[in-house]
Amino acid sequence: AAGLAESALVPGVFLNVNVPARPLSEITGMRWTRLGRRVYRGILLRDPDPSSVGYVQTIQRSSWSGLQSVAQTMAESNESRRDVYSREGVGNEERLVVLYRELRGYSEDDIPEDDWNYQLRQLESRQYAEVVLEMLRQPAFRTRFGIRAY
C-alpha cells in the first residue's frame, strides 16, 4: 500500500491485486504487474484509453478466458488490422518486435529465429489474433505475469 501511495496511479493504469489463499504470515512479498497495459501496447502499440474499461472488466470477470477474449478482440479490431499500419514506421517487423517486448519481455536479440520467421509470415498473412494468442499461451508469457494455469 505504501508503494501505491508513493506512485499514484494515473489514468489508463489498471491495478490488479492477487492475494494467495494462505495465512498473512505466509505471504512473503508482493509484485506489481502491468498486464493490461502490456497487452494493449503489444497489440495496438499504444497505451490504454478510457474506452478500455470494458476490457478490464472482462478480464476481471473471466480471468484467463477473459484475457484471451480481450486479446483476440483487440487483435481482430480495425485498429489492429488497419489503423496501426497507418502510423509512421509501423510494419509487421516493428509489430512483432513490440509483441515480443511487451508480452514476453524479450529484446530483439532474444527472439528465436525460427519463431520470428514463422510469426512474421503469419502477420504478413494477416493472422494477427493467431500470433497474439500463441504468445499468450507460451510459458514465457505466463511466467512473466505470474499466470499459473489456464
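The preceding data block contains the structure.
Position numbers for residues count from 1 along each chain, tracking the sequence in the order it is written. Local features in a predicted model are, by the rule used here, given only for residues with pLDDT of at least 70; side-chain atom pairs are given and counted only at 80 or more, and totals for whole chains, interfaces and linings are based on all residues. Calculation of side-chain values draws on the structure's entire complement of heavy atoms; hydrogens and water are dropped beforehand.

(A) A look at the overall build of the protein. Under the DSSP-based scheme used, a helix requires at least four consecutive residues in state H or I and a strand at least two consecutive residues in state E, with every element numbered from the N terminus. When helices and strands are counted, the protein shows eight helices and zero strands. Helices (α) and strands (β) of the protein occur, in sequence order from the N terminus, as α-α-α-α-α-α-α-α. By residue count, 34% of the 150 residues in the protein fall in the buried class. Of the contacts formed within the protein by residues at least 6 apart in sequence, a portion of 66% connects residues at least 24 apart. Exposure is judged per residue with a 1.4 Å probe applied to protein chains only, and the accessible area is read against the type maximum: over 50% gives exposed, under 20% gives buried, and values in between give partly exposed. Residue contacts are defined here by distance: any two heavy atoms, one from each residue, within 4.5 Å place the two residues in contact.

(B) The environment of Arg137, seen in detail. With respect to the secondary-structure elements, Arg137 resides in helix 7 (residues 128–137). For the pair Arg137 and Gln68, spaced 69 residues apart in the sequence, the C-alpha separation amounts to 9.2 Å.

(C) Highlighting the pattern of salt bridges. Each reported salt bridge corresponds to a side-chain nitrogen of Lys or Arg within 4 Å of a carboxyl oxygen of Asp or Glu. By the definition in use, this model includes eight salt bridges. Ionic pairing is found between Asp47 and Arg41, a salt bridge with its closest N-O pair at 2.7 Å. Judged by its relative accessible area of 25%, Arg41 falls in the partly exposed class. One connected set of salt bridges, linked through shared partners, spans Arg46, Asp49, Glu79 and Arg87.

(D) Examining helix 6 (residues 113–124) more closely. Taking 1.5 Å of rise per residue, 12 residues should cover 16 Å, and helix 6 covers 16 Å from first to last C-alpha, within 8% of that figure. Against the buried residues of helix 6 lie helix 5 (92–104) and helix 7. The positive-phi residue at the C-terminal boundary of helix 6 is Arg126, with phi of around 65°. The span one expects for a helix is its residue count, reduced by one, times 1.5 Å.

(E) Spotlight on the packing of aromatic side chains. Only centres within 6.5 Å qualify two rings of Phe, Tyr or Trp (six-membered ring in Trp) as a pair; their planes then separate them into stacked at under 30 degrees, edge-to-face at over 60, and tilted for everything else. Under the defined criterion, the tally for this structure stands at four aromatic pairs. A ring pair is formed by Tyr100 and Tyr106, whose centres lie 5.7 Å apart and whose planes are at 20°; its orientation type is stacked. Taking the relative accessible area as the measure of exposure, Tyr106 reaches 23% and is therefore partly exposed.

Distances and angles like these do not, on their own, reveal function.
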